[in-house]
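Given next are the chains, with one letter for each unit.
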Amino acid sequence: MRVLKFGGTSVGAAESIRTLIGISKNLLANKEQIAVVLSAMGGVTNQLIEVANLAQKNNPAFSDILSSIEKRHFDTAKALLNVKHQSKVIANIKLTLNELEDILHGISLLNELSKRTLDLVMSFGERLSTYLVYEAMRQEGIECEFLDARTLIKTDDNFGSARVNYKSTNANVEEYFKNHSKTQ
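All values reported here derive from a predicted model rather than from experimental measurement.

Draft legend 1. Up close: the packing of helix H3 (residues 61-80) against helix H4 (residues 83-110). For the pair H3 and H4, interaxial distance at closest approach is 10 Å and the crossing angle is 160°. Here H3 lies roughly antiparallel to H4, going by the angle between them. Of the two possible hands of crossing, H3 and H4 adopt the one that is right-handed. Counting all contacts with H3, which are made through Phe62, Leu66, Ile69, Glu70, His73, Phe74, Ala77 and Lys78, the residues of H4 involved are Gln86, Val89, Ile90, Ile93, Lys94, Leu97, Leu100, Glu101 and Leu104. The residue inventory of the contact of H3 with H4, partitioned by class, reads 11 nonpolar, 2 polar and 4 charged.

What follows is the structure, encoded as structure tokens:
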């Protein structure tokens, strides 16, 4: 199996996502089994950190930045997906962003931002980009499955600098791929 890792620039806009889909399609056409690993859209992780810090300070500017994250993902979905697929994808992106907004509201109410909560907030960048790319790949006819890496990768509780528990993570990965052959 070949693991393809695409960074923030590779998922930063519709055209770059089309490029990574093309790379994936070419490998699949050559009968390679692949797993695709994605970062958040370029700059989104930094925006999420900023949003969390502003929420902790009760600074209402966090709403503006959250709106810009939402707009960027919506605009990319609209540019990438045909009209009949857009509604479902945009609705799911909105649900994910609503969850993030609830967490930010809690940070604001408590005036507290732990490392654990910051790690959770930062995870939303990858959660949004992977879902969007997954749906774009499906639209392009790629038989694939969405896999939330949190179900396989296990770490210690050293939030902010967690270390992977390789023994349980490797066991989870091996078990998962025994039973799943579609592109991940």
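Moving on, there is more to tell.
Draft legend 2. Inspection of helix H2 (residues 44-56) at higher detail. For H2, with 13 residues, the first-to-last C-alpha span of 18 Å sits near the 18 Å given by 1.5 Å per residue. Listed in full, the buried residues belonging to H2 are Val44, Leu48, Val51, Ala52, Leu54 and Ala55. Taken end-on, H2 shows its buried residues confined to a sector of 165°, consistent with a single buried face. Against the buried residues of H2 lie H3, H4 and helix H5 (115-139). Of the residues trailing H2, Asn58 is marked for its positive phi of about 55°.

Draft legend 3. Region of interest: the packing of aromatic side chains. Using the criterion set out here, one finds 3 aromatic pairs in the structure. Taking the centre distance of 6.4 Å and the plane angle of 80° together, the rings of Tyr131 and Phe146 count as edge-to-face. Placement of Tyr131 in helix H5 and of Phe146 in the loop between H5 and helix H6 (166-179) is noted, with a sequence separation of 15 residues between them. Pairing Tyr176 with Phe177 gives two aromatic rings, centres 5.3 Å apart and planes at 85°, and the pair type is edge-to-face. For Tyr176, a relative accessible area of 14% corresponds to the buried category. The partly exposed category is assigned to Phe177, whose relative accessible area is 23%. Three or more aromatic residues joined by ring pairs form one cluster here, namely Tyr131, Tyr134 and Phe146. Sitting over the ring of Phe124, Arg127 keeps its end group 4.1 Å from the ring centre.

The rules behind each value
Residues numbered from 1 in each chain as written. Predicted model: local features only at pLDDT ≥ 70, side-chain atom pairs only at ≥ 80, totals over all residues. Heavy atoms only, no water. Axes fitted to C-alpha atoms, helices over the stretch in contact; angles between N-to-C directions. Helix = DSSP H or I, 4+ residues; strand = E, 2+ residues; numbered from the N terminus. Parallel < 35°, antiparallel > 145°, perpendicular 65-115°, else oblique. Left-handed = near helix turned anticlockwise from the far one by under 90°. Contact = heavy atoms within 4.5 Å. Nonpolar A, V, L, I, M, F, W, Y, C, P; charged D, E, K, R; others polar. Expected span 1.5 Å × (residues − 1). Buried < 20%, exposed > 50% of the residue type's maximum accessible area, 1.4 Å probe, protein only. Arc of directions from axis to C-beta. Phe/Tyr/Trp six-rings, centres within 6.5 Å; stacked < 30°, edge-to-face > 60°. Lys NZ or Arg CZ within 6 Å of the ring centre and 35° of its normal.

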